[in-house]
Amino acid sequence: MVDQPHSPIITFREVTKKFGDVTVLERLNLEVAPNENLTLIGPSGSGKSTILRILMTLENVQAGAVTVDGEALWVDHGPDKLSEQAAAAQTRAIRRKVGMVFQSFNLFPHMSALRNIAEAPIRVLRLSKDEAYDRAIELLNLVGLADKQNSFPIQLSGGQQQRVAIARALAMRPKILLFDEVTSALDPETVGEVLSVIRALAREHQFTTLMVTHHMGLAREISDRVCFLEGGRIIEQGSPAQIFESPANNRTKAFLRAIL
Ligand code: ADP
Ligand code: MG
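For every chain, the first residue of its written sequence is number 1, and the numbers climb from 1 along that sequence. Chain letters start at A and ligand numbers start at 1, both assigned in the order the entries are written. Residue-level local features of this predicted model are given only where pLDDT is at least 70; pairs of side-chain atoms are given and counted only at 80 or more, and the full residue set underlies all totals for whole chains, interfaces and linings.

With an unreviewed UniProt entry as reference, the chain is termed Ectoine/hydroxyectoine ABC transporter ATP-binding protein EhuA, source organism Phyllobacterium sophorae. UniProt positions are given in the numbering used here, feature names are shortened, and annotations may be inferred rather than shown by experiment. Per its UniProt entry, the chain bears the Subcellular location (unreviewed entry) comment "Cell membrane". Per UniProt, the comment on the chain under Sequence similarities (unreviewed entry) is "Belongs to the ABC transporter superfamily."

Here it is in structure tokens:
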């Protein structure tokens with residue numbers, strides 16, 4: 001099937017996600033265009049991380065459909081559910097398209113920076129060691145850590161570890177990058193270096209990004225669109241100028257007043 005020129009790379013259709021009796025996303029509809037930079041903002045517990053985790057196949061959903069770059073992740077099919085094997089293959093396919101950077105960097109503690117980056121390309125993409133390490137060196141250059149190839153996570157600052165984590169996500173050449181509050185666990189003095197890397201990536205515009213952040217300055221600068229969530233619903237969305245300068249909804253206004 002030939003893609004339509006504007007067909008979205010990510011689609012949530014009427015997605016409901018519950019944890020036990022608690023509804024965390026309620027009939028969520030969201031489309032993201034290829035190469036769009038989308039920022040999710042909203043109070044703690046509004047469902048932002050859950051949206052990213054669903055895309056990373058870390059959470060299932062109770063109803064609705066999610067598609068990622070043509071792969072149906074969750075489809076409200078009724079009886080013709082996928083076999084377990086087909087579902088596992090689909091999960092693998094999606095994980096190759098989507099890279100995620102978390103608040104806690106989650107580097108492998110017993111591996112050097114270089115090996116942290118090269119490991120998945122060798123194991124999952126089956127690159128030769130030479131090729132994987134060459135690419136890992138390039139990526140360390142990209143995030144400004146060429147001199148830290150052989151350092152272990154414990155020898156790196158939080159900001160440096162997070163830059164390695166970004167390089168590690170990029171090593172899989174994902175089409176979609178997810179950033180979940182990637183600066184929240186950092187010392188204030190290392191936040192800037194991580195923000196610079198994200199800014200540079202966004203400028204190059206070769207990925208679709210979904211970002212959750214409290215840095216409204218960054219959101220304003222790099223987002224094509226900002227969605228304000230509350231209680232598992234998108235309350236308001238628009239360009240950064242619309243949302244930050246003239247929000248229409250009172251709850252958006254109250255949220256922004258409280259954090260800005
Ligand atoms: P946000 O990222 O916007 O702060 P989350 O997506 O992490 O919000 O969480 C949304 C809601 O889902 C919260 O009420 C949270 O307590 C709940 N939640 C998240 N993960 C789990 C889980 N594994 N089990 C139970 N409840 C969860
Ligand atoms: Mg969160």
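There is more to say, and it comes next.
Undergrad: Any chance you could explain the sheet that holds strand β8 (residues 208-212) here in plain terms?
TA: As a general point, the strands of a sheet are linked pairwise by backbone hydrogen bonds and lie either parallel or antiparallel. Strands are labelled as partners when DSSP assigns at least two bridges between them. Each helix is a run of DSSP H or I of at least 4 residues and each strand a run of E of at least 2, with the numbering of both proceeding from the N terminus. The strand order β6-β7-β8-β3-β9-β10 describes an open sheet built from six strands, whose pairing is mixed. Since the sheet does not close on itself, it has two edges, and those belong to β6 (98-101) and β10 (233-238), each with one partner. In this sheet, neighbouring strand axes are inclined to one another by 20 degrees on average, regardless of whether the strands run parallel or antiparallel. Inspection of the sheet shows strand β3 (residues 37-41) paired to β8 by four bridges, in the parallel sense. If you follow Leu40 over to β8, its bridge partner there is Val212. Note on geometry: axes are C-alpha line fits, over the in-contact stretch for helices, and angles between N-to-C directions span 0 to 180 degrees.

Undergrad: Which parts of the structure should I look at to understand the pairing of strand β7 (residues 176-180)?
TA: Look at any regular strand and the pattern is simple: side chains alternate between the two faces of the sheet. The burial label depends on the number of other C-beta atoms within 10 Å of a residue's C-beta. Counts of 20 or more mean buried, 12 or fewer mean exposed, and intermediate counts mean partly exposed, with C-beta atoms placed from the backbone. Counting buried positions along β7 gives five out of five residues, so the element sits mostly inside the fold. By the alternation rule, side chains of β7 split into Ile176, Leu178 and Asp180 and Leu177 and Phe179, which are all buried. The sheet contact formed by β6 and β7 spans four bridges and is parallel. Looking at the pairing, Val101 lines up with Phe179 of β7.

Undergrad: What am I meant to see in the nonpolar core here?
TA: Most often, soluble globular proteins have nonpolar side chains that are buried together. We define the nonpolar core as any set of buried residues of the types Ala, Val, Leu, Ile, Met, Phe, Trp, Tyr and Cys, connected via C-beta atoms lying within 7 Å of each other. Among the nonpolar cores identified, the biggest contains 70 residues, and Ile117, Leu140, Ala167 and Leu178 are the most heavily contacted of them. A per-element tally of this core places helix α5 (residues 158-171) first, with seven residues. We call two residues in contact when their backbone-placed C-beta atoms lie within 7 Å. Excluding residues that lie within four positions of it along the chain, Ala167 makes contacts with Ile117, Leu139, Leu140, Leu142 and Val143.

Undergrad: It is not clear to me how the site of ligand 1 should be interpreted in this structure. Could you clarify?
TA: Placing the C-beta atom from the backbone, one calls a residue near a molecule or strand if that atom lies within 6 Å of it. Taken together, the neighbourhood of ligand 1 is formed by Phe19, Val24, Gly42, Ser44, Gly45, Ser46, Gly47, Lys48, Ser49 and Thr50. The element that contributes the greatest number of residues to the shell around ligand 1 is helix α1 (residues 48-55), accounting for three residues. Residues are grouped as follows: Ala, Val, Leu, Ile, Met, Phe, Trp, Tyr, Cys and Pro are nonpolar; Asp, Glu, Lys and Arg are charged; all remaining types, including Gly, are polar. In the shell around ligand 1, the residues fall into two nonpolar, seven polar and one charged.

Undergrad: What's the story with α1 in this structure? I'm lost.
TA: Helical periodicity: at 3.6 residues per turn, an α-helix aligns residues three or four positions apart in one direction. Counting buried positions over the eight residues of α1 gives seven, a clear majority of the element. Considered for burial, the residues of α1 that qualify are Lys48, Ser49, Thr50, Ile51, Leu52, Ile54 and Leu55. Positive phi shows up at Thr57, right after α1, with a value of about 65 degrees.

Undergrad: Please clarify how the sheet that holds strand β5 (residues 71-74) should be interpreted in this entry.
TA: With antiparallel pairing, the four strands of this open sheet are ordered in space as β2-β1-β4-β5. Every interior strand has two partners, whereas the edge strands, β2 (22-32) and β5, have only one. Pairwise comparison of adjacent strand axes, ignoring direction, gives a mean angle of 30 degrees for this sheet. Bridge count between strand β1 (residues 10-19) and strand β4 (residues 63-68): five bridges; the pairing is antiparallel. By the bridge assignment for β4, Phe12 is matched with Val66. α1 rests against β1, β2 and β4 of the sheet, and its axis sits at about 115 degrees to β1. This element, helix α2 (residues 84-97), spans β4 and β5 of the sheet and lies at about 110 degrees to β5.

Undergrad: Just to check I follow, could you spell out unusual backbone geometry for this structure?
TA: Most of the time, phi is negative for any residue but glycine, and the peptide bond is trans. Within the chain, Thr57 stands out as a residue other than glycine whose phi angle is a positive 65 degrees. Located in the positive-phi region is Arg173, a residue other than glycine, with phi close to 50 degrees. Position of Arg173 relative to the elements: it lies in the loop between α5 and β7. Given 14 C-beta atoms within 10 Å, Arg173 falls into the partly exposed group.

Undergrad: Would you mind showing me how to read the packing of α5 against helix α6 (residues 188-204) here?
TA: Packed helices, taken two at a time, are described by the angle between their axes plus the distance between the axes. Contact geometry of α5 with α6 gives a least axis separation of 8 Å together with a crossing angle of 20 degrees. Judged on the interaxial angle alone, α6 and α5 are roughly parallel. Of the two possible hands of crossing, α5 and α6 adopt the one that is right-handed. Residue-level contacts link Gly158, Gly159, Gln162, Arg163 and Ile166 of α5 to Thr190, Glu193, Val194 and Val197 of α6. When its residues are assigned to classes, the contact of α5 with α6 shows three nonpolar, four polar and two charged. In these notes the angle categories are as follows: under 35 degrees is roughly parallel, over 145 is roughly antiparallel, 65 to 115 is roughly perpendicular, and the rest is oblique. The hand of a helix crossing depends on one turn: near helix anticlockwise from the far one by less than a right angle means left-handed, and clockwise means right-handed.

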